[in-house]
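The primary structure of each chain is shown beneath.
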Amino acid sequence: MCLLIVISGVVPGIPLIVAANRDERLARPAIPMTRLDGVGGPAIRGGRDEVGGGTWLATNEVGVVAGLTNRPLRDGPDAAKRSRGELPLALVGHPTAAAAVESFGTAIDPGAYNPCWLLVADRNDAFFVDVTATDEVIVEHLRPGVHVLENRNLHEPSPKADRVRELLDPALRGQDTSVLEILPTLLADHKVPPGEPPADASNPRLAAAARAICVHADEDDYGTRSSAIITVDDHAGPPNVRWTGDAPCHGQWERSYSLWSRSAGQ
């Protein structure tokens, strides 16, 4: 279970803000933020799953940001299929979000992956990408605004998404604090709102606990493992990245002072 928040074309001077929590088994090896690019391509930074080798959230040096959430499966994922973590990497290998989805829709065989959803955005555009069908990738160009994706379709009712909007609303209306100031607290919120977990969740008890923004289900060895806040301003230059290597309620936030050097993560 994961959470992706995209704030696009709303905050003056910062056309794109992406905030994310990664929820996963506590014992699954991962690096919260590191270098993901190879030789000769754009600089890419993001989290790395040390088991599947992919990422749940990544950004490149020109401000394309992509992340995914998995669709729950009652019988669990098909281990014979390719890692879904390849998909955000494919998207941030492009210079714009529009170019990424144009290529992605024809280059990706959705049947080769377990079902998931993605958000990809840059300074100018935001897109929702549905990879839950077996015959086609569905791409939707999103209007400026706040888009909240958890382990459900973007347009499916979600108690978690409603809680995110509730916490964001005062900052978006210019009350009390700014959006960037409230996001670390928002990502650490433990309130479990009323509502039903996804109907196809393999573990209903775990899915119920995961309705919270910051998840702690210790009896299941599961919870929020790391967080990130990526901001893309309206000037040329790489994104600003902040992240935690632990749950945001007690993790230390790091900043991307040297993240974009070619030696970063090496």
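Cut-offs applied
- Residues numbered from 1 in each chain as written.
- Predicted model: local features only at pLDDT ≥ 70, side-chain atom pairs only at ≥ 80, totals over all residues.
- Heavy atoms only, no water.
- Helix = DSSP H or I, 4+ residues; strand = E, 2+ residues; numbered from the N terminus.
- Rg over C-alpha atoms; globule rule 2.2 N^0.38 Å.
- Buried < 20%, exposed > 50% of the residue type's maximum accessible area, 1.4 Å probe, protein only.
- Lys, Arg positive; Asp, Glu negative; His and termini not counted.
- Charge placed at Lys NZ, Arg CZ, Asp CG, Glu CD.
- Pairing = 2+ DSSP bridges.
- Axes fitted to C-alpha atoms, helices over the stretch in contact; angles between N-to-C directions.
- Salt bridge = Lys/Arg side-chain N within 4 Å of Asp/Glu carboxyl O.
- Polar contact = N/O pair within 3.5 Å; in protein donor to acceptor, adjacent residues only side chain to side chain.
- Core = buried A, V, L, I, M, F, W, Y, C linked by side-chain atoms within 4.5 Å.
- Contact = heavy atoms within 4.5 Å.
- Disulfide = S-S within 2.5 Å.
- pLDDT = per-residue confidence, 0-100.
- Phe/Tyr/Trp six-rings, centres within 6.5 Å; stacked < 30°, edge-to-face > 60°.
- Lys NZ or Arg CZ within 6 Å of the ring centre and 35° of its normal.
- Parallel < 35°, antiparallel > 145°, perpendicular 65-115°, else oblique.
- Left-handed = near helix turned anticlockwise from the far one by under 90°.
- Nonpolar A, V, L, I, M, F, W, Y, C, P; charged D, E, K, R; others polar.

**Some points on the overall build of the protein chain**
Broken down by element type, the protein chain carries five helices and 14 strands. Since a compact globule built from 266 residues should have a radius of gyration of about 18 Å, the 17 Å found for the protein chain is in line with a globular shape. The dimensions of the protein chain, computed from C-alpha atoms along their principal axes, are 50 × 45 × 35 Å. Out of the 266 residues in the protein chain, the part that is buried amounts to 52%. For the protein chain, the distance from the average site of its 25 positive side-chain charges to the average site of its 35 negative ones is 2 Å.

**What to know about the sheet that holds strand 8 (residues 126–131)**
Strand order in the open sheet formed by seven strands is 3-4-5-6-7-8-9, and the pairing between neighbours is antiparallel. In the strand order of this sheet, the two ends are held by strand 3 (30–35) and strand 9 (138–141), each with one partner. The average undirected angle you get between the axes of adjacent strands in this sheet is 15°. Pairing of strand 4 (residues 44–49) with strand 5 (residues 57–60) involves three bridges; the strand directions are antiparallel.

**Observations regarding the side chain of D122**
Within the fold, D122 resides in the loop between strand 7 (116–121) and strand 8. Here D122 sits buried without a salt bridge, and the closest side chain of opposite charge, R123, lies 7.4 Å off (N-O distance). Among the polar contacts made by the side chain of D122, one reaches the main-chain amide nitrogen of A97 at a distance of 2.9 Å. Within the structure, the side chain of D122 is placed 2.9 Å from the backbone nitrogen of D125, a separation counted as a polar contact.

**Points about the nonpolar core**
Ranked by internal contacts, the top residues of the largest apolar core, which has 25 residues, are V18 and L57. At the level of elements, strand 1 (2–11), strand 2 (14–25), strand 7, strand 8, strand 12 (222–232) and strand 13 (240–244) are the ones that each hand at least two residues to this core. Setting aside residues no more than four positions away along its own chain, L57 makes contact with L4, V18, A20, R45, G46, G47, V65, A66, G67, A228 and I230.

**Re the state of the cysteines**
Considering all chains together, one arrives at zero disulfides under this definition. Of the cysteine sulfurs around C116, a residue in no disulfide, the closest is that of C2, at 11 Å.

**Digging into the confidence of the model for the protein chain**
Within the protein chain, residue pLDDT values average 90, and 91% of them lie at 70 or more. Averaged over each element, pLDDT in the protein chain is lowest for helix 5 (residues 204–209) (67) and highest for strand 7 (98).

**A look at the side chain of T244**
Inspection of the secondary structure puts T244 in strand 13. In this structure the side chain of T244 is engaged in a polar contact, spanning 2.6 Å, whose partner is the backbone oxygen of D246. Once residues lying within four places of it in the same chain are set aside, the contact partners of T244 are P32, S226, S227, G251, Q252 and W253.

**Brief notes about the pattern of salt bridges**
Opposite charge on two side chains permits them to pair, given that their charged atoms come into close proximity. Taken as a whole and assessed by the stated rule, the structure comprises twelve salt bridges. Notably, a salt bridge pairs E150 with R152, separated by 2.9 Å at the nearest N-O pair. Its relative accessible area of 6% is what places R152 among the buried residues. Between R163 and D189 there is a salt bridge, and its shortest N-O distance comes to 2.9 Å. One end of the pair, R163, is in helix 3 (residues 159–172); the other, D189, is in the loop between helix 4 (179–187) and helix 5, and 26 residues separate them in sequence. Look at R163 and you get buried, because its relative accessible area is 11%. Exposure remark for D189: the relative accessible area of 14% places this residue in the buried category. It is possible to trace a salt-bridge network through shared partners that takes in R35, D37 and R45.

**Examining the packing of aromatic side chains**
For any pair of aromatic rings, the description rests on two quantities: the centre-to-centre distance and the angle between the ring planes. Tallying each qualifying case throughout the model produces zero aromatic pairs. The side chain of R22 reaches across the aromatic face of W56, ending 4.0 Å from its centre.

**What about the packing of helix 3 against helix 4?**
Running from N to C, helix 3 and helix 4 point in directions that differ by 155°, and their axes come no closer than 9 Å. It follows from the interaxial angle that helix 3 and helix 4 lie roughly antiparallel. The interaxial crossing formed by helix 3 with helix 4 has right-handed handedness. Residues V164, L167, L168, A171 and L172 of helix 3 lie in contact with helix 4, whose contacting residues are V179, I182, L183 and L186. A breakdown of the residues in the contact of helix 3 with helix 4 according to their chemical character gives nine nonpolar, no polar and no charged.

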